Amino acid sequence: PTIFGRRATAKGAGDLLFLGHLGIDGTPSLLRAKDGRLWCAWRSMTFGGMGERKALVTSVLAADGTDREARHLVRSDARDVVTPRFFEDGGVLHLLWASQDDEGRWTLRRSAFGDGTWSKPVVEEAERNPRQPFVARDADGKLWLAYARDDGANRRVTIRPLTLVR
């Protein structure tokens with residue numbers, strides 16, 4: 001399916017915005033950043049003609065939800081990429097996702113956006129095939145990471161503090 005967003009107005013739904021390609025795109029995530037821009041991230045099998053490889057792509061929309069300002073490739077060397085999640089910390093936009101390597105191992109990876117590009121991804125979790133990450137901040141400002149992991153016969157949710165290495 002093609003990834004899309006709908007600009008909401010005070011009167012209800014607004015314009016339908018198509019962001020993806022005519023190909024296999026999926027697992028979208030949206031965030032309205034503190035500067036008012038709307039960010040969308042998604043998995044794409046067609047971005048850059050990568051064949052069987054899947055990319056993690058982000059697109060930025062103007063504050064009013066209309067004109068796309070930029071599209072950025074975050075990662076393109078994974079066999080699979082799922083569940084991208086945005087979060088902000090100290091004025092910096094981060095993207096967290098699960099990706100699978102050629103050996104079938106899943107990891108949670110994170111990248112930060114700065115100077116018009118995404119940083120080299122860092123591994124946040126590599127044990128027990130982690131997937132479906134989510135980040136939240138508690139009342140004291142501490143970041144928490146929740147994700148599903150494989151413990152053999154079942155998948156369990158793990159919640160732990162997230163300390164960002166810069």
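Since we're looking at a predicted model, the values are computed, not measured.

**So, the side chain of serine 111**
Working step 1: Summarising the element assignment, serine 111 is placed in strand 9 (residues 106–114).
Working step 2: With sequence-adjacent residues up to four places away left out, serine 111 is seen in contact with Val74, Leu93, His94, Leu95, Trp97, Trp118 and Ser119.

**Comments concerning the sheet that holds strand 14 (residues 155–161)**
Working step 1: Pairing within the open sheet is antiparallel, and its 3 strands lie in the order 12-13-14. Lying at the two open borders of the sheet, with one neighbouring strand each, are strand 12 (131–137) and strand 14. Adjacent strand axes in the sheet meet at a mean angle of 20° when their direction is disregarded.

**Observations concerning the pattern of salt bridges**
Working step 1: Evaluation of the coordinates by the stated rule reveals 5 salt bridges.
Working step 2: The partner of glutamate 103 in a salt bridge is arginine 105, with the nearest N and O atoms 3.1 Å apart.
Working step 3: Arginine 110 is the salt-bridge partner of glutamate 124, the closest N and O atoms lying 2.7 Å from each other. Residue glutamate 124 is located in strand 11 (residues 122–125), and its partner arginine 110 is located in strand 9; the two are separated by 14 residues in the primary sequence.
Working step 4: Judged by its relative accessible area of 14%, glutamate 124 falls in the buried class.
Working step 5: A relative accessible area of 4% places arginine 110 in the buried class.

**Notes on the environment of arginine 110**
Working step 1: The sequence separation of arginine 110 and alanine 98 amounts to 12 residues, and the corresponding C-alpha distance is 9.0 Å.
Working step 2: Setting aside residues no more than four positions away along its own chain, arginine 110 makes contact with Phe87, His94, Leu95, Leu96, Trp97, Lys120, Pro121, Val122, Glu124, Leu164 and Val165.

**With respect to the side chain of arginine 149**
Working step 1: Here arginine 149 lies in strand 13 (residues 143–150).
Working step 2: This buried residue, arginine 149, is left without a salt bridge; aspartate 151 holds the nearest opposite charge, at 5.1 Å.
Working step 3: The contact partners of arginine 149, leaving out residues within four places of it in the chain, are Arg128, Asn129, Pro130, Asn154, Arg155, Arg156 and Thr158.

Conventions and cut-offs
Residues numbered from 1 in each chain as written. Predicted model: local features only at pLDDT ≥ 70, side-chain atom pairs only at ≥ 80, totals over all residues. Heavy atoms only, no water. Helix = DSSP H or I, 4+ residues; strand = E, 2+ residues; numbered from the N terminus. Contact = heavy atoms within 4.5 Å. Pairing = 2+ DSSP bridges. Axes fitted to C-alpha atoms, helices over the stretch in contact; angles between N-to-C directions. Salt bridge = Lys/Arg side-chain N within 4 Å of Asp/Glu carboxyl O. Buried < 20%, exposed > 50% of the residue type's maximum accessible area, 1.4 Å probe, protein only. Lys, Arg positive; Asp, Glu negative; His and termini not counted.

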